[in-house]
Amino acid sequence: MSQTSFDIQQAAVIGAGTMGRGIVMCLANAGIAVQWVDNNPQMLEQALGNVAQTYAHYVRQGRIDQVEADARLARISAAADYPAIRNVDLVIEAVYENLALKQKIFRELDGLLKPEALLASNTSALDIDAIAAATKRPSQVLGLHFFSPAHIMKLLEIVRGAQTSPAALEAALVLGKRMGKVSVVSGNCHGFIGNRMLHPYVLEARKMLLEGAYPQQVDTVLQGFGFAMGPFRMYDVVGIDLEWRARELAGKGQDAPEVQVDNRLCEMGRFGQKSGNGYYHYEPGSRQAEHDPEVDALILSVSEGLGFQRREIGSEEILERCLLALVNEGAKILQEGIAESAHDIDQVYLNGYGFPANRGGPMAWADDQGLADIHKRLLALETRQGDQWRPAPLIGELAARGKGFYL
């Protein structure tokens with residue numbers, strides 16, 4: 001059904017944090033007028049200043065001229081409150097990851113906005129249907145998961161809820177194209193496509209720290225394979241404390257053995273790049289990750305304290321466990337219809353997670369290996385390490401028919 005009622009000319013963004021800033025720039029760069037709301041006026045003022053600085057930087061670099069910078073800035077305005085944005089065509093909520101807070105915002109907006117307006121959440125993992133349920137317009141609610149920094153990263157995960165209408169999805173895809181994004185539609189599940197697959201990948205990396213590996217070793221192997229950065233450098237960039245605080249807030253997950261190293265680092269104030277120390281050390285003003293023997297000593301003491309018998313872990317095992325964890329979860333996502341195709345999954349990993357472009361993405365890589373071979377390797381891991389390695393049924397089915405994820 002093609003309905004042109006969702007012609008997005010005016011948008012609003014809720015939240016003036018890092019994500020909100022990036023999203024506002026994406027919209028303004030695409031020629032859309034944006035009203036910006038945050039319940040902290042000083043924060044909003046500061047964020048508007050940051051956006052102006054970013055555009056001034058682009059002018060100095062010669063990426064845009066002053067006329068274009070002025071035009072973009074002119075499209076952005078601060079709005080005092082929700083009633084001030086009642087006429088927009090689209091609202092994107094970008095506040096922190098708290099379901100009750102997002103539901104409250106959506107409930108209020110639903111009562112104020114014109115009936116045809118779209119409501120989108122930038123959540124990276126929360127249940128879109130639970131957010132939509134707070135409104136009387138679930139067919140016009142969807143996820144628009146931007147990747148940080150939003151004005152630079154190409155990927156946009158468009159999350160369809162159970163009741164999201166085809167017309168709303170179409171409008172989101174048109175908007176994604178207008179913003180110059182690589183847009184991938186995902187079904188609604190915890191973590192959607194990208195973060196759901198990331199979970200078992202980083203879980204394996206963390207387990208290997210307890211079993212005998214060290215952060216620099218794991219990252220070096222994955223970067224050698226072609227990843228833009230290994231999992232521990234990635235955590236230092238995004239902030240180790242994000243998941244730590246989320247576990248605290250949720251009141252669960254803090255006791256799992258594999259997060260004990262993260263917990264100890266956070267208790268020491270080692271949050272990553274932003275604090276100068278994380279899994280690595282950073283000199284003031286530098287983003288260069290430097291090996292820190294203190295972290296190796298901490299890992300040794302945590303793993304021994306948990307009763308692990310450390311052993312040598314080779315490069316092959318690191319690659320095997322991290323890559324097969326991605327592929328197996330990707331196969332489950334495909335099987336459940338969360339992703340429409342293997343190509344969509346690969347687009348997410350190439351454009352949002354630094355998977356090496358020359359390998360085509362995790363699913364294309366698996367096809368290159370041959371799914372019969374992947375199936376055999378997963379069964380071997382299941383025998384050695386347990387049920388979490390049981391191959392997704394789809395892998396066995398395709399392997400038996402001599403097929404791959406793509407054909």
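Residues numbered from 1 in each chain as written. Predicted model: local features only at pLDDT ≥ 70, side-chain atom pairs only at ≥ 80, totals over all residues. Heavy atoms only, no water.

**Here we look at the sheet that holds strand S3 (residues 76-78)**
Two orientations exist for strands paired in a sheet by backbone hydrogen bonds: parallel and antiparallel.
Right, so step 1: The mixed open sheet is built from eight strands, whose spatial order is S3-S2-S1-S4-S5-S6-S7-S8. Two strands lie at the open edges of the sheet, namely S3 and strand S8 (182-186), each paired on one side alone. Across the sheet, the mean angle from the axis of one strand to that of its neighbour is 25°, orientation sign disregarded.
Right, so step 2: Against the sheet, helix H4 (residues 99-112) contacts strand S1 (10-14), strand S4 (90-93), strand S5 (118-121) and strand S6 (141-146), and its axis sits at roughly 170° relative to S5. (Pairing = 2+ DSSP bridges. Helix = DSSP H or I, 4+ residues; strand = E, 2+ residues; numbered from the N terminus. Axes fitted to C-alpha atoms, helices over the stretch in contact; angles between N-to-C directions. Contact = heavy atoms within 4.5 Å.)

**Some remarks on the nonpolar core**
Right, so step 1: Counting residues in each nonpolar core, the largest one holds 69 residues, and the members touching the most others are Ile193, Tyr279, Trp365, Ile374 and Phe405.
Right, so step 2: Looking at this core element by element, the count peaks at 10 residues for helix H13 (residues 315-335).
Right, so step 3: Filtering out sequence-adjacent residues up to four positions away, Ile193 remains in contact with Glu157, Val184, Val185, Ser186, Ile333, Ile338, Ala339, Ile345 and Val348.
Right, so step 4: Ranked by size, the runner-up nonpolar core spans 42 residues in total, among them Ala11, Val51, Ile76 and Ala94. (Core = buried A, V, L, I, M, F, W, Y, C linked by side-chain atoms within 4.5 Å. Buried < 20%, exposed > 50% of the residue type's maximum accessible area, 1.4 Å probe, protein only.)

**Some words on the packing of helix H7 (residues 194-211) against helix H14 (residues 342-352)**
Right, so step 1: Direction vectors running N to C along H7 and H14 enclose 70°, while the axes themselves pass 10 Å from each other. Taken together, the axis directions place H7 and H14 in an arrangement best described as roughly perpendicular. Contacts between H7 and H14 involve Gly194, Met197 and Leu198 on the former and, on the latter, Ile345, Val348 and Tyr349.
Right, so step 2: Classifying every residue of the contact of H7 with H14 by side-chain character gives five nonpolar, one polar and no charged. (Parallel < 35°, antiparallel > 145°, perpendicular 65-115°, else oblique. Nonpolar A, V, L, I, M, F, W, Y, C, P; charged D, E, K, R; others polar.)

**Some points on the packing of aromatic side chains**
Right, so step 1: In the structure shown here, the tally under the stated rule is 10 aromatic pairs.
Right, so step 2: Aromatic ring contacts, followed pair by pair, group Tyr201, Phe225, Phe227, Phe355 and Trp365 into a single cluster.
Right, so step 3: Positioned over the ring face of Tyr58 is Arg63, at 4.0 Å from the centre of the ring.
Right, so step 4: Above the plane of the ring of Phe225 lies Arg359, whose end atom (NZ or CZ) is 3.9 Å from the centre. (Phe/Tyr/Trp six-rings, centres within 6.5 Å; stacked < 30°, edge-to-face > 60°. Lys NZ or Arg CZ within 6 Å of the ring centre and 35° of its normal.)

**Comments concerning the UniProt feature "domain: 3-hydroxyacyl-CoA dehydrogenase C-terminal" (unreviewed entry) in the protein**
Right, so step 1: When the UniProt feature table is mapped onto this chain numbering, "domain: 3-hydroxyacyl-CoA dehydrogenase C-terminal" (unreviewed entry) sits at residues 191-282 and 318-402.
Right, so step 2: In the segment residues 191-282, helix accounts for 60% and strand for 0%; the C-alpha atoms at its two ends are 30 Å apart.
Right, so step 3: Within the segment residues 318-402, helix and strand shares are 71% and 0% respectively, and the terminal C-alpha atoms sit 27 Å apart. (UniProt positions renumbered as here; feature names shortened; annotations may be inferred.)

**Considering the packing of helix H2 (residues 41-61) against helix H3 (residues 66-74)**
Right, so step 1: In the contact formed by H2 and H3, the axes pass within 9 Å of each other and the chain directions differ by 165°. Judged by the angle between their axes, H2 and H3 are roughly antiparallel. Along this stretch, H2 crosses H3, giving a crossing that reads as right-handed. For the pair formed by H2 and H3, the contact residues are Val51, Ala52, Tyr55, Tyr58 and Val59 on the first element and Gln66, Ala69, Arg72 and Leu73 on the second. (Left-handed = near helix turned anticlockwise from the far one by under 90°.)

**Details of the pairing of S5**
Right, so step 1: The two faces of S5 match: Leu118 and Ala120 on one face and Leu119 and Ser121 on the other face are all buried.
Right, so step 2: Bridge analysis of S4 against S5 gives four bridges, and the strand direction is parallel. When the bridges of S5 are listed, Leu90 appears paired with Leu118.
Right, so step 3: Summarising the sheet, S5 and S6 pair through three bridges and their orientation is parallel. For Leu119, the partnering residue across the bridge sits in S6 and is Val141.

**So, the environment of Val37**
Right, so step 1: Residue placement: Val37 occurs in strand S2 (residues 33-37).
Right, so step 2: Judged by relative accessible area, Val37 falls into the buried class, the value being 5%.
Right, so step 3: Here the alpha-carbon distance between Val37 and Ile345, two residues 308 residues apart in the chain, equals 33 Å.
Right, so step 4: Contact partners of Val37, with chain neighbours within four places excluded, come to Val13, Ile14, Gly15, Ala79, Asp81, Tyr82 and Ile85.

**A look at a nonpolar patch on the surface**
Right, so step 1: Side chains of Val237, Val238 and Leu242 sit close together on the surface and give an oily, nonpolar patch of about 250 Å² of accessible area.
Right, so step 2: Relative to the helices and strands, Val237 resides in helix H9 (residues 231-238). (Patch = residues over 30% accessible without salt bridge, like charges linked within 9 Å, V, L, I, M, F, W, Y side chains within 5 Å. Areas by Shrake-Rupley, 256 points an atom, 1.4 Å probe, with all protein chains shown as cover. Salt bridge = Lys/Arg side-chain N within 4 Å of Asp/Glu carboxyl O.)

**A look at the UniProt feature "domain: 3-hydroxyacyl-CoA dehydrogenase NAD binding" (unreviewed entry) in the protein**
Right, so step 1: Per the UniProt annotation, the sites labelled "domain: 3-hydroxyacyl-CoA dehydrogenase NAD binding" (unreviewed entry) are residues 11-188.
Right, so step 2: Annotated as residues 11-188, this span is 42% helix and 21% strand, and its ends, taken at the C-alpha atoms, are 24 Å apart.

**Digging into the pairing of S2**
Right, so step 1: A large share of S2 lies buried, amounting to four of its five residues.
Right, so step 2: Pairing analysis gives five bridges linking S1 to S2, with the strands arranged parallel. By the bridge assignment for S2, Ile14 is matched with Val37.
Right, so step 3: Traced from S1 through helix H1 (residues 18-29) to S2, the parallel crossover comes out right-handed.
Right, so step 4: Pairing between S2 and S3: three bridges, direction parallel. Directly across from Val34, in S3, lies its bridge partner Ile76. (Right-handed = clockwise from strand over helix to strand, strands pointing away.)

**A short note on the environment of Gln9**
Right, so step 1: Following the sequence through the fold, Gln9 ends up in the segment before S1.
Right, so step 2: For the pair formed by Gln9 and Ile32, sequence separation is 23 residues and the distance between their alpha carbons is 5.6 Å.
Right, so step 3: Residues contacting Gln9, with those up to four places away along its chain left out, are Ile32, Ala33, Asp89 and Arg178.
Right, so step 4: Side chain to side chain, Gln9 and Asp7 meet in a polar contact 3.0 Å long. (Polar contact = N/O pair within 3.5 Å; in protein donor to acceptor, adjacent residues only side chain to side chain.)

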